Amino acid sequence: MTHTIKTATACYTGGGIYIYYGQLASGLYFRTDDESETIYICNADTSTEQADYSEFYEQHTAEELNGENFKAFWNQMLFHVLNGGRAFDKWGNYSKSDLENRIIK
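Residues numbered from 1 in each chain as written. Predicted model: local features only at pLDDT ≥ 70, side-chain atom pairs only at ≥ 80, totals over all residues. Heavy atoms only, no water.

## Quick look at the environment of glutamate 37
Secondary-structure assignment places glutamate 37 in the loop between strand 3 (29–33) and strand 4 (39–42). Glutamate 37 gets classed as exposed once you look at its relative accessible area, which sits at 66%. Distance from glutamate 37 to asparagine 75, taken between C-alpha atoms, is 13 Å for residues 38 residues apart in sequence. Every residue in contact with glutamate 37, bar those within four places of it in the chain, is listed here: Leu65, Asn66 and Phe70. (Helix = DSSP H or I, 4+ residues; strand = E, 2+ residues; numbered from the N terminus. Buried < 20%, exposed > 50% of the residue type's maximum accessible area, 1.4 Å probe, protein only. Contact = heavy atoms within 4.5 Å.)

See below:
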């Protein structure tokens with residue numbers, strides 16, 4: 001399934017780890033991080049503190065993207081942030097070169 005990203009935010013958490021979250025044009029939300037090989041598509045806002053806990057995903061996951069679907073969405077998400085299409089909120093912070101180095105070839 002193809003997803004169109006409406007907003008995307010990269011949030012540096014320290015230790016070389018970013019959390020990525022945002023909203024899709026469909027109204028659903030997504031979230032992943034540098035240590036995951038899954039992107040969670042959820043029916044609730046993934047920018048909240050509740051999304052830091054596994055119980056959130058047990059209740060709100062509509063779809064999981066893995067493998068080739070993960071790679072395609074991952075790159076789409078990074079390009080979206082790098083091209084200024086992210087939501088400007090208090091959590092969004094990133095190094096452009098860090099994100100460029102995370103693009104999957």
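Following the structure, the description resumes.
## Examining the packing of aromatic side chains
Tallied over the entire structure, the rule returns seven aromatic pairs. Residues tyrosine 18 and tyrosine 20 carry aromatic rings whose centres are separated by 6.0 Å and whose planes lie at 20° to one another, so their mutual orientation is stacked. Judged by its relative accessible area of 1%, tyrosine 18 falls in the buried class. With a centroid separation of 5.0 Å and an interplanar angle of 75°, the aromatic rings of phenylalanine 56 and tyrosine 57 are classed as edge-to-face. Taken as a pair, phenylalanine 56 and tyrosine 57 share a single burial class, namely buried. An aromatic cluster of three or more residues is present, and its members are Tyr12, Tyr18, Tyr20, Phe70 and Trp74. (Phe/Tyr/Trp six-rings, centres within 6.5 Å; stacked < 30°, edge-to-face > 60°.)

## Things to note about the nonpolar core
Tyr20, Phe30, Ile39, Phe73, Met77 and Leu99 are the most contacted members of the largest nonpolar core, which has 19 residues in total. Elements that contribute at least two residues to this core include exactly strand 1 (5–14), strand 2 (17–24), strand 4 and helix 2 (67–82). Per-element accounting of this core gives the leading share, seven residues, to helix 2. Setting aside anything within four residues of it in sequence, one finds methionine 77 in contact with Ile5, Ala8, Tyr20, Phe30 and Thr32. Core analysis: the second largest hydrophobic core is formed by five residues, Cys42, Ala44, Ala51 and Phe56 among them. (Core = buried A, V, L, I, M, F, W, Y, C linked by side-chain atoms within 4.5 Å.)

## What to know about the pattern of salt bridges
This structure, assessed with the given rule, holds three salt bridges. For aspartate 52, the salt bridge identified is with arginine 31, shortest N-O distance 2.6 Å. Of the two residues, aspartate 52 is situated in the loop between strand 4 and helix 1 (54–60) and arginine 31 in strand 3; the sequence distance between them amounts to 21 residues. We classify arginine 31 as buried; its relative accessible area is 8%. Where arginine 102 meets aspartate 34, a salt bridge forms, and the shortest distance between an N and an O atom there is 3.0 Å. With arginine 102 in the segment after helix 3 (96–100) and aspartate 34 in the loop between strand 3 and strand 4, this pair connects stretches of sequence that are 68 residues apart. (Salt bridge = Lys/Arg side-chain N within 4 Å of Asp/Glu carboxyl O.)

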